[in-house]
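# Chains, contacts and geometry: an overview
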Amino acid sequence: MQLFAFQFEKNDKIVFIGNSITHGGSFHNVLRTFLATRYQKDLTIFNKGISGDVAQGVLDRLEEDILSEKPTVAFVMLGMNDVQRWAYVKNPSKDQIKAQENAIVDYKEKTALVIKKLQEHNIRIILLTPTIFDENLLIKRNNNIGVNEALGKCATYIKSLGKKHQLKVVDFYTILNQINKEQQEINPNFTIIGKDRVHPGKTGHFVMGYQLIETLEKENRMVSSISIHVKKKKTLQAINSSITKIEGNSKHLKFSVLANSLPVPLSQFDKNGQQLVPFSEKLNQEIIAFQKLKKGNYKLLIDGISLGVFNKKTLENGIRLDTILKTPQYKQAIKVKQLSDQIRWQQGKIRDLRYVDYMQLKIKTASLSTEKKIKLAKEKYTELEKSKNQYLGYYKKMLKNYINNLDKEAPVKQQIIKARQQLFQQSKPVEHQYELVAIDSNK
């Protein structure tokens, strides 16, 4: 029997609601790749992050941007912008201290309201604590001492919301804080967050993806595990897989394996992140073992591809196929990851457009024609030419992209649909032919 991940059902529509850490992030791509390789279910995952957003912003765009997708599951992560980082300075004024206090109160009220509105639409909710602000990174950049503590308060509140409403909570704050502290004691220049102290880099997002799966996936934590009694030509174990057509002898054994899952192709993810969390050991083991072999060395092949030469003891203890990059199933998984990446990048294009709509033009996207939106964007761009805002370069870049690509939105959405269809077709495991061949005399 193949088990299915926590709360997810076939044809679920999953939305990730958040700010720039969701908008430009890849932690949800780790989950998509895992779900595709482990389950091959037709799940749809939407990135609904908006750079710079806060809980009130989510409420403002909830109907048009999120509920319009008719989601069945929502991941919610807010806080980084809600805490009002600008108010955290070395010697804060009374107004700044008041702003800090009010920000936490507002965050709690508005986040609770987001949850309430999602529940009113019978959406299954998974809460995510905010990530950390790296106050300890030794760089020449403005530091906002106290922000990370404020985010800790937000994380505590999210856990209380989860308890109150009996919702699952994925704790990003604690694991990122812990890793950052441990690694900075070794290397003061280390950061799991980017050089801006705010946005996790590839390593941080991989750790977040791991924490997401580690929290949700409590049953089907192994890709597969098979063991064969060579002398009796008998299956001893077949976890998440089936073995058929066992024939031959101890010198040349043949059999067929149909696994229910593919390994996650970890070579395609951040290597530094893999050194910080036990993704491979806890969530990605694909094992094959042989018992009652004669002493000697053996060549293991899948579909005629040699995976190497192994001795009796190694084969009896088991070989980690998920660490061998040339297996047919690993190569298949790489194609799955590539399609998942494609979806991520295409969805990012859509989020860039919505960012301009909601954060710069302050418009409802359905209320205006494409021509009118582009005209407003050009006017905003001209207005920015006279501005001295510290984020001027980013604002102008996003507006220019909007002007050039808004009319291409429909084709991009079609490309996402096509890639999603290809993703789940590509992720379906196929039967493979295994051979174990003795390569020297056995005594």
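Going by the structure above, here's the rest.
Residues numbered from 1 in each chain as written. Predicted model: local features only at pLDDT ≥ 70, side-chain atom pairs only at ≥ 80, totals over all residues. Heavy atoms only, no water.

On to the nonpolar core. The biggest cluster of nonpolar side chains holds 87 residues, and the ones touching the most others in it are F75, L118, L128 and F279. At eight residues, helix α5 (residues 147–165) tops the list of elements feeding residues into this core. Among residues more than four places away in sequence, those in contact with F279 are V30, F34, F206, Y210, I213, V264, L266 and N284. If you look at the next biggest cluster of nonpolar residues, it comprises 22 residues, including V230, F255, Y298 and I302. (Core = buried A, V, L, I, M, F, W, Y, C linked by side-chain atoms within 4.5 Å. Buried < 20%, exposed > 50% of the residue type's maximum accessible area, 1.4 Å probe, protein only. Helix = DSSP H or I, 4+ residues; strand = E, 2+ residues; numbered from the N terminus. Contact = heavy atoms within 4.5 Å.)

All right, on to the side chain of T327 then. Among the secondary structure elements, T327 is positioned in the loop between β13 (319–320) and α11 (328–361). Of the residues examined, T327 reaches a relative accessible area of 0% and is grouped as buried.

For the rest of this paragraph, the subject is the pattern of salt bridges. Side chains that differ in sign of charge can pair as their charged atoms come close. Taken as a whole and judged by the stated rule, the model has 22 salt bridges. Close ionic contact of E316 with K312 constitutes a salt bridge, the shortest N to O distance being 2.9 Å. On the criterion of helical spacing, the pair formed by E316 and K312 is a turn pair, its members being four residues apart in helix α10 (residues 312–317). Take E316: its relative accessible area is 24%, and that puts it in the partly exposed class. The network of salt bridges with common partners includes K48, D53, R61, D65, E69 and R351. (Salt bridge = Lys/Arg side-chain N within 4 Å of Asp/Glu carboxyl O.)

Turning our attention to the packing of aromatic side chains. Counted by the stated rule, this structure contains 14 aromatic pairs. Ring geometry for Y391 and Y395: centres 6.2 Å apart, planes at 55 degrees, overall tilted. A relative accessible area of 21% means that Y395 is categorised as partly exposed. What links up through ring pairs into an aromatic cluster is the set F8, F16, F27, F75 and F172. Residue placement shows R344 over the ring face of W345; its charged tip is 4.6 Å from the ring centre. The positively charged end of R420 is found above the aromatic ring belonging to F46, 5.5 Å away from the centroid. (Phe/Tyr/Trp six-rings, centres within 6.5 Å; stacked < 30°, edge-to-face > 60°. Lys NZ or Arg CZ within 6 Å of the ring centre and 35° of its normal.)

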